[in-house]
Amino acid sequence: MIEKALALGPLDADLVFLGSGERGAVPSDAAAGPAPRSLLPEQAGRIAGEAVTEAVRLALAGDVDAIVTGPVHKHALHLAGFHYPGLTELLSHLAGDVDVAMMLAAGKLRVVLVTTHIPLKHVVAQVTTDRVVRCGRITERALRDWWGIAAPRLAVCALNPHAGESGLFGDEDARVLEPAARTLGAAGPLPADTVFVRALRGEFDAVLTPYHDVGMTAVKVAGFGAGVNVTLGLPFPRVAPDHGTALDIAGKSVADPGSMRAALELGTDLARRVQRAGRGAAVRR
């Protein structure tokens, strides 16, 4: 996947590759890809978990400016002893248990998930005013520091159909989401069937979404094959493709590298902005 993504064109970045225990440049004949090896799930999970751990160490040490991770099979990570719901939570822990949020981006559309990998039946209890506000503040900071948007415009996606229809379909939007939107100075809560259209038209810089699938679906419909997962709140940018491992086609050289390429390009852009911001801060001091 990474070889196919890099073969799509030059990338203005110095890359360090992790995952096999060795660091260095991809060899010149890498476009053909190495012969696939058969690994037990726990072996694959260990390699992935250790690579992510090393990547975070390099980022915290200032040796790299951003991290790009590939798709990781969560069950394999669990078998290898990395007991986290996903890489977002593992990255948060490795960076010092910082407060993070998951963003999915496809072109002009950016969505941030207030809750991530939890059953739908638990969402209502987890979507609190405080949690929405915290996700909003993390998003505002990232949009300013990483995207260079001086005054981010946020919208809050409603939880219930038609934003609750004045309480007919639930009171969570008025009781929980409305105060959060007010605190953030954000629009909403706005119904899910219109808020993403308005964001795509340029009205909002990011949409806070109450649960995983409403945000993921919007991004994948808007830009399937070109979406990027961004972990907000870390002291360095981390990006990844917006899709999973697709183990049924692994090793067959048929996977679409578009999302991985988009992740590499966004990671490069964010790293460059962080570098410029760092130099500016050094000059101001």
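Below is a summary of the structure that appears in this document. (Residues numbered from 1 in each chain as written. Predicted model: local features only at pLDDT ≥ 70, side-chain atom pairs only at ≥ 80, totals over all residues. Heavy atoms only, no water.)

**Observations regarding the pattern of salt bridges**
(1) Moving on: Throughout the structure, instances matching the rule amount to eleven salt bridges.
(2) Moving on: For the salt bridge of R175 with D171, the shortest nitrogen-to-oxygen distance reads 3.2 Å.
(3) Moving on: Note on R175: relative accessible area 49%, which makes it partly exposed.
(4) Moving on: Here R272 and D269 are joined by a salt bridge, their closest N and O atoms 3.8 Å apart. Of the two residues, R272 and D269 are both situated in helix α10 (residues 258–284); the distance of three residues between them amounts to about one turn of the helix.
(5) Moving on: Each member of the salt-bridge network shares a partner with another, and the members are D99, D130 and R134. (Salt bridge = Lys/Arg side-chain N within 4 Å of Asp/Glu carboxyl O. Buried < 20%, exposed > 50% of the residue type's maximum accessible area, 1.4 Å probe, protein only. Helix = DSSP H or I, 4+ residues; strand = E, 2+ residues; numbered from the N terminus.)

**Details of the sheet that holds strand β3 (residues 109–113)**
(1) Moving on: The sheet built from eight strands is open, its strands ordered β1-β8-β7-β2-β3-β6-β4-β5 with mixed pairing. Either end of the sheet is taken by a strand with one partner, and the two such strands are β1 (67–68) and β5 (187–190).
(2) Moving on: Across three bridges, β3 lies against strand β6 (residues 206–209) in parallel orientation. For L113, the partnering residue across the bridge sits in β6 and is T209.
(3) Moving on: Where helix α4 (residues 87–94) meets the sheet, it contacts β2 (101–106), β7 (228–232) and β8 (238–241), and its direction lies at approximately 160 degrees from that of β8.
(4) Moving on: In the packing of helix α6 (residues 129–145) onto the sheet, contacts are made with β2, β3, β4 (154–157), β6 and β7, and the angle to β6 comes to roughly 155 degrees. (Pairing = 2+ DSSP bridges. Contact = heavy atoms within 4.5 Å. Axes fitted to C-alpha atoms, helices over the stretch in contact; angles between N-to-C directions.)

**Considerations on the side chain of R238**
(1) Moving on: If you trace the backbone, R238 turns up in strand β8.
(2) Moving on: No salt bridge is formed by the buried R238. Its closest oppositely charged neighbour is E89, at 8.1 Å.
(3) Moving on: For R238, the side chain forms a polar contact with the side chain of T69, separated by 2.8 Å.
(4) Moving on: Only 2.9 Å separates the side chain of R238 from the side chain of T231, close enough to count as a polar contact.
(5) Moving on: Excluding residues within four positions of it along the chain, R238 makes contact with I67, T69, L87, T88, L91, N229, V230 and T231. (Lys, Arg positive; Asp, Glu negative; His and termini not counted. Polar contact = N/O pair within 3.5 Å; in protein donor to acceptor, adjacent residues only side chain to side chain.)

**A short note on unusual backbone geometry**
(1) Moving on: Here the residue pair G188 and P189 is connected by a cis peptide bond, since its omega of 10 degrees sits within 30 degrees of zero.
(2) Moving on: With respect to the element layout, P189 can be found in strand β5.
(3) Moving on: Even without being glycine, A163 reaches a positive phi, approximately 55 degrees.
(4) Moving on: Its relative accessible area of 22% is what places A163 among the partly exposed residues.

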